[in-house]
Amino acid sequence: MKRSVLDERIKGNMHKSLRPIPDEVRRRIDETLDELPHDRAHRRRDGVRMGKVVAGFAACVLLALSITVLSKSTFADTIKPWVHSIFSWMGDGGLVSDKNDSEGTMLPVLAQIEDKGYILKIHETSFDGMRLSFSYSLEKKESVWSKDVHVIPDFKLDAAIKQLDPAVLKSDSGGVLNQGKAGIVNYFFQAKLPQKFKLQVHVPVLGVVDTNSDTAGQQMVLGNWDFAVDIQQTGGDIASDILQESAAREYQQVRFGVVQSRFSDTASEWKLHWETPWSLIEANRKAEKTSYGIRYLIKADGKPLNIVTSMNSSRIKDRKLPENQWSQLEDVCLYSEPVPTEAEKVMIVPVLMKFPVHPEDGDYAEQELDQLAVEIPVNRK
């Protein structure tokens, strides 16, 4: 049976583990993947829309499989060494390290809050000056969640911290487990924060969605799961590089470039810029059979880097001009895994995603826009 993209991402996460996963564990996971339904039409419609979060979700599925088998006594001893770090299980290359994957340690609990029958635990933290991350788990007291129930904590950064950097960008890679939920929240900062401070996060509501229920929408569970944990910056300095015209490409009146890069121990930041004729934007909107989108490949000396999260904003260049002379300017900010210390160059390739409007219009397809690919040097000074 042909594996879906999600299956392959799960396999990829297995191969990236710091310590080799035992053959028995790997075999069990492979068997489970092979038994999953693979509906072709469903993949075509929904598979790519998960692209921005699939790495975190795939890792969460892997964690779910691991915790499931813990209940089997013959299997528990084999897999137990991996459950003491959510960073190690679900994290990307910026969070998986020896310091949170040490042998013989238990999963720490830095904070534990219970309300309305739900227990939220904060387990690990990491801060290197640009990226702040914490791992969490969520359980329902005296209950086991169905795999069809999705629980989404509403993490709100305290206003005092947001004032230090209003442009902070957040991601939550949580997913559903058989016994509850686990995840990793990341905050990416532009401004410089104190090296030591107390992280205060408000959690006033949980969104509960049962995908197997006939009731539309989600249930909002109001409560108070606020917590505070001490943060201490670790790691080296953050390197920043402003790119010049050499980091821009133009093809058929479309201009794409890398404006700035930043590097820290746990992440890398890429600021991109597009200038596109308005006529192309309008043609996309009026397309009868296909709609289009853009994703990105980031390769450091040929090695792909997973993108953790992204944001974008767009505007018209000059509305005083006639509409047929307009251009759309779009700014994109990507945060990815850290660039390996030995890497000297990074290639950023836009990928055109083609979505059929109707199933009969064909399959989803991708095209790497090599004409707009930009190669930039890694400058850590």
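Residues numbered from 1 in each chain as written. Predicted model: local features only at pLDDT ≥ 70, side-chain atom pairs only at ≥ 80, totals over all residues. Heavy atoms only, no water.

Some remarks on the overall build of the protein chain
Basically, it comes down to this: Under the DSSP-based scheme used, a helix requires at least four consecutive residues in state H or I and a strand at least two consecutive residues in state E, with every element numbered from the N terminus. Exposure is judged per residue with a 1.4 Å probe applied to protein chains only, and the accessible area is read against the type maximum: over 50% gives exposed, under 20% gives buried, and values in between give partly exposed. Residue contacts follow a heavy-atom distance rule, with two residues in contact if any of their heavy atoms lie within 4.5 Å. Accessibility throughout is a Shrake-Rupley quantity obtained with a 1.4 Å probe, and a residue counts as covered only by protein chains that appear here.
Helix and strand content of the protein chain: 8 helices and 23 strands. For the protein chain, with 381 residues in total, the buried portion stands at 45%. Pairs at least 24 apart in sequence give 67% of the contacts found in the protein chain among residues at least 6 apart. When the accessible area of the protein chain is evaluated, it comes to approximately 20,200 Å², of which 50% is carbon and sulfur surface.

Quick word on unusual backbone geometry
Of note in this structure, glutamine 253 is not a glycine but carries a positive phi near 70 degrees. Take glutamine 253: it is sitting in the loop between β14 (248-251) and β15 (254-263). Located in the positive-phi region is aspartate 301, a residue other than glycine, with phi close to 50 degrees. Within the secondary structure, aspartate 301 is located in the loop between β17 (290-300) and β18 (303-304).

What to know about the confidence of the model for the protein chain
Note the threshold: Confidence per residue, as judged by the predictor, is encoded in pLDDT with a range of 0 to 100.
Of all residues in the protein chain, 73% attain a pLDDT of 70 or more, and the chain-wide mean is 79. Contacts of residues 1-26 to residues separated by more than four positions or lying in other chains number 58 contacts, the stretch itself having pLDDT below 50. Confidence drops under pLDDT 50 across residues 33-82; counting only partners more than four residues distant or on other chains, this segment forms 96 contacts.

A word on the nonpolar core
For clarity, the threshold we go by: Take the buried residues of types Ala, Val, Leu, Ile, Met, Phe, Trp, Tyr and Cys, join any two whose side-chain atoms come within 4.5 Å, and each joined set is a nonpolar core.
Within the largest apolar cluster, 31 residues are counted, with the highest numbers of intra-cluster contacts made by Leu120, Phe134, Phe155, Tyr187, Leu199 and Phe227. Sorting the residues of this core by element identifies β1 (111-115), β2 (118-127), β3 (131-140), β4 (149-153), β8 (181-188), β9 (196-202), β10 (205-210) and β12 (227-232) as the ones contributing at least two each. Residues in contact with phenylalanine 227, not counting those within four places in the same chain, are Ala111, Ile113, Leu120, Ile122, Phe134, Phe155, Leu199, Gln200, Val201 and Val203. The next biggest cluster of nonpolar side chains, apart from the first, holds 26 residues, and it includes Phe256, Leu272, Trp274 and Leu369.

Side note on the pairing of β10
Defined as follows: Two strands pair under a simple rule: DSSP has to find at least two bridges between them.
Note: β4 against β10, 5 bridges, orientation antiparallel. Pairing of histidine 150 across the sheet is with valine 209, part of β10. Inspection of the sheet shows β10 paired to strand β11 (residues 219-222) by 4 bridges, in the antiparallel sense. Each bridged residue has a counterpart across the sheet, and for valine 208 the counterpart in β11 is glutamine 219.

Here's the deal with the sheet that holds β12
Ordered by their spatial adjacency, 3 strands build an open sheet running β5-β9-β12, and the pairing between neighbours is antiparallel. The sheet is open, and its two borders are formed by β5 (156-157) and β12, each paired with just one other strand.

Regarding the sheet that holds β4
Where we set the bar: To obtain each axis, a line is fitted to C-alpha atoms, and for helices this fit is confined to the stretch in contact; angles are then taken between N-to-C directions over 0 to 180 degrees.
One open sheet accounts for 3 strands, arranged β4-β10-β11; its pairing is antiparallel. Edge positions in the open sheet fall to β4 and β11, since each of these has one partner strand only. Put simply, the sheet's adjacent strands are angled 25 degrees from each other on average, direction ignored.

Overview of the environment of valine 203
Its place among the elements puts valine 203 in the loop between β9 and β10. Sequence-wise, valine 203 and proline 153 are 50 residues apart; in three dimensions their C-alpha atoms are separated by 6.6 Å. Not counting residues up to four positions away in its chain, the partners in contact with valine 203 are Leu120, Pro153, Asp154, Phe155, Gly223, Asn224, Trp225, Asp226 and Phe227.

Examining the pattern of salt bridges
Condition: In what follows, salt bridge is the name for a side-chain nitrogen of Lys or Arg lying within 4 Å of a carboxyl oxygen of Asp or Glu.
The full count for this structure, using the stated rule, is 12 salt bridges. The salt bridge partner of arginine 255 is glutamate 250, with a shortest N-O separation of 3.6 Å. A residue is classified by how much of its surface remains accessible, and arginine 255, at 28% relative accessible area, is partly exposed. When its relative accessible area of 53% is taken as the criterion, glutamate 250 is described as exposed.

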